[in-house]
Each structure stands twice: as C-alpha cells, then as structure tokens.
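Now for the letters of each chain:
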Amino acid sequence: MESINAFFTMGGYAVFVWPSYLLTGVVLVGLLALSLKSSRSSERTLASLRNRTRKEADIDASKA
C-alpha cells in the first residue's frame, strides 16, 4: 500500500506531474477531435468534387 501511495504522491511532485498528465491528455483528445473533423470535411469535399466531375463527364459524353 505504501508503494501505491508513493506512486501517487510522486515524491512530493504530484502537484506538478498529475496536472501535466491531464493537460497532455486534453491536448491529445482535442487534436484527435480536430483531426477527425478535418478528415470528414475533406472526405465530403472530395465526394462532392467527384460527383461534379462525373456529371460533367456525363454531359460531355452526351454531347459527343
């Protein structure tokens, strides 16, 4: 039990260590959320461009 207590107190530096872990975790989760949002937006843009290109190709093919 003493070793667990020593781990969580971090030799008296827990007041600095645990908030650092928390801040790092928050930043990593935020980066993940922004990356997923950006990826979804890029996928929607790509799908839109592909659909527009297909429509233009169909129009060109019907004129020929």
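Structure first, text after, so check above.
Sequence order as written defines residue numbering, which begins from 1 separately in each chain. In keeping with the predicted nature of the model, local features appear solely for residues at pLDDT of at least 70, side-chain atom pairs appear and are counted solely at 80 or more, and the whole-chain, interface and lining totals rest on all residues. The side-chain numbers reported here are obtained from all heavy atoms of the structure, hydrogens and water having been left aside.

K.L.:
Sorry if this is basic, but what is going on with a nonpolar patch on the surface here?
P.N.:
Residues enter a patch when their relative accessible area is above 30% and they make no salt bridge; the linking distance is 9 Å between like charges and 5 Å between nonpolar side chains (Val, Leu, Ile, Met, Phe, Trp, Tyr). The Shrake-Rupley method, run with a 1.4 Å probe, gives the accessible areas here. Residue values count only the displayed protein chains as cover. The rule for a salt bridge is simple: a side-chain nitrogen of Lys or Arg has to be within 4 Å of a carboxyl oxygen of Asp or Glu. A grouping of Met1, Ile4, Phe7, Phe8, Trp18 and Tyr21 is seen on the molecular surface, where their side chains present a nonpolar patch of about 710 Å² in accessible area. Mapped onto the nonpolar patch, the elements with two or more residues apiece are helix H1 (2-9) and helix H2 (14-63). In terms of residue count, the dominant contributor to the nonpolar patch is H1 (three residues). Helix and strand labels come from DSSP, where a helix needs a run of H or I of at least four residues and a strand needs a run of E of at least two; each type is numbered from the N terminus. Inspection of the secondary structure puts methionine 1 in the segment before H1. Relative accessibility under 20% of the residue-type maximum defines a buried residue, over 50% an exposed one, and the middle range a partly exposed one, all with a 1.4 Å probe and only protein chains included. For methionine 1, a relative accessible area of 81% gives the class exposed.

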